[in-house]
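# Coordinates in review
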Amino acid sequence: MLEVKGLYAGYGIVPVIEDVSFSVRAGEILLIGGENGAGKSTLMRAIAGFNRPDRGEVLLDGRPLQGMAPEAIAQAGLRLVLDGHRVFPELSVFDNLRMGAAARRGDLAGFAAAIEEIYTVFPILKEKHRKYARDLSGGQQQILALGQAFVAQPAALLCDEPSMGLAQALLPPILGFLRKWAESGTRIIIVEQHLQIAAPYADTAMIIERGRVKWSCAASELDRRLAAETHPAG
């Protein structure tokens, strides 16, 4: 289980996240939504160690992660895929995937199997495996960023706004890939603005407002809860 307990985080003396708690079990996807500036990305960065939490706990299978450096958290099995398709532009597609597998040194068979699965799910990466990442489209770079994380086979994945800058038509294949990935036992958190598109692929949903958890529910109940907020009874 990935557990976040009473997490507080921000930037210097400016608080952004206050008393956020949730858990994600192996095989589950948690979908997080909220308005711009609500603190969603800060939450992801705090869990992954890029913003040191002020208070609270982050536990992966009972092991505390808070206070560790980002690279140590990645080695412990938690990966963050940031928005904006962050890849190594001067490296080839294949070398980008190799960079993602740095934590699996010596596991050549596992790396080869992960590469083959990525190429099967997203054949465009196989087609362009010798191309520089800078020459890919935005959508292809986002897929490559997910591929980097996949070959590392983390125990938990944080995915921050996978649709950022992409055509909406590209989101369902990415979400379908994440759903299948979760079913292999990975805990996955997706921060996404297109909640209605993402909800069918998730198990639970959570809305953040002004740095706090406003409410959470089963993903299947998300549309009803959002509709109730938009058109309250009475």
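Everything in this summary refers to the structure shown in the same document. Not measured: the values here are computed from a predicted model.

### Details of the environment of Pro-89
Note on placement: Pro-89 falls in the loop between strand E6 (78-81) and helix H3 (93-100). For Pro-89, a relative accessible area of 39% corresponds to the partly exposed category. Between the alpha carbons of Pro-89 and Met-206 there is a distance of 34 Å; along the sequence they are 117 residues apart. In this structure Pro-89 touches Tyr-132, Ala-133 and Arg-134, once residues within four positions along its chain are discounted.

### Comments concerning H3
Within H3 the residues assigned to the buried category are Val-93, Asn-96, Leu-97 and Gly-100. With its buried residues spanning 100° around the axis, H3 presents them on a single face. Buried residues belonging to H3 abut E6, helix H4 (108-121), helix H5 (123-127) and helix H6 (138-152).

### Quick word on the packing of aromatic side chains
Under the defined criterion, the tally for this structure stands at five aromatic pairs. Summarising the aromatic geometry, the rings of Phe-177 and Trp-181 are spaced 5.6 Å apart at their centres and angled 50° between planes, so their arrangement reads as tilted. Linking Phe-177 with Trp-181, this pair stays in helix H7 (residues 171-182), spanning four residues, or about one helical turn. The class for Trp-181 is buried, based on a relative accessible area of 3%. Each member of the aromatic cluster is reached from another via a ring pair, and the members are Phe-122, Phe-150, Phe-177 and Trp-181. The residue whose ring lies beneath Arg-55 is Tyr-8, and the NZ or CZ to ring-centre distance is 4.0 Å. The ring of Trp-215 is capped by Arg-225, whose NZ or CZ atom sits 4.3 Å from the centre of that ring.

### A look at the layout of surface pockets
The calculated volume of the largest pocket comes to roughly 650 Å³. Lining the largest pocket are 23 residues; nearest its centre among them are Phe-50, Ala-74, Arg-79, Leu-80 and Gln-148. When residues of the lining of the largest pocket are traced back to their parent elements, those giving at least two are helix H2 (70-76), E6, H3 and H6. In terms of residues, the lining of the largest pocket owes the most to one element, H2, which gives five residues. Of the residues contributing to the lining of the largest pocket, the split by class is 16 nonpolar, three polar and four charged. The calculated volume of the second largest pocket comes to roughly 330 Å³. What lines the second largest pocket is a set of 18 residues, among which Gly-33, Gly-34, Glu-35, Ile-207 and Ile-208 lie closest to the centre.

### Remarks on the pattern of salt bridges
According to the stated counting rule, one finds ten salt bridges in the structure shown. Residues Asp-95 and Arg-98 are paired through a salt bridge, measuring 3.3 Å at the closest nitrogen-oxygen approach. With a gap of three residues between them, Asp-95 and Arg-98 both fall in helix H3, about one helical turn apart. A relative accessible area of 28% means that Asp-95 is categorised as partly exposed. Using a relative accessible area of 48% as the deciding quantity, one classes Arg-98 as partly exposed. Put simply, Glu-90, Arg-134 and Asp-135 are held in one network by salt bridges that share partners.

### So, H4
Note on helix geometry: an α-helix contains 3.6 residues per turn, so any two residues three or four positions apart are oriented the same way. The terminal C-alpha atoms of H4 lie 20 Å apart, and with 14 residues this matches the ideal 20 Å at 1.5 Å per residue to within 8%. Regarding H4, the residues found buried are Gly-110, Phe-111, Ala-114, Ile-115, Ile-118 and Tyr-119. One side of H4 holds all its buried residues, which, seen down the axis, span an arc of 165°. Of the residues in H4, the exposed ones pointing more than 90 degrees away from the buried face are Ala-109 and Thr-120. Looking at the buried side of H4, the elements it contacts are H3, H5, H6 and H7.

About the criteria used
Residues numbered from 1 in each chain as written. Predicted model: local features only at pLDDT ≥ 70, side-chain atom pairs only at ≥ 80, totals over all residues. Heavy atoms only, no water. Helix = DSSP H or I, 4+ residues; strand = E, 2+ residues; numbered from the N terminus. Buried < 20%, exposed > 50% of the residue type's maximum accessible area, 1.4 Å probe, protein only. Contact = heavy atoms within 4.5 Å. Arc of directions from axis to C-beta. Phe/Tyr/Trp six-rings, centres within 6.5 Å; stacked < 30°, edge-to-face > 60°. Lys NZ or Arg CZ within 6 Å of the ring centre and 35° of its normal. 1 Å grid on protein atoms, 1.4 Å probe; cavity = no way out; pocket = protein on both sides within 12 Å on 5 of 7 lines; lining within 4 Å. Points joined across faces, edges and corners; volume = space filled by probe spheres on them. Nonpolar A, V, L, I, M, F, W, Y, C, P; charged D, E, K, R; others polar. Salt bridge = Lys/Arg side-chain N within 4 Å of Asp/Glu carboxyl O. Expected span 1.5 Å × (residues − 1).

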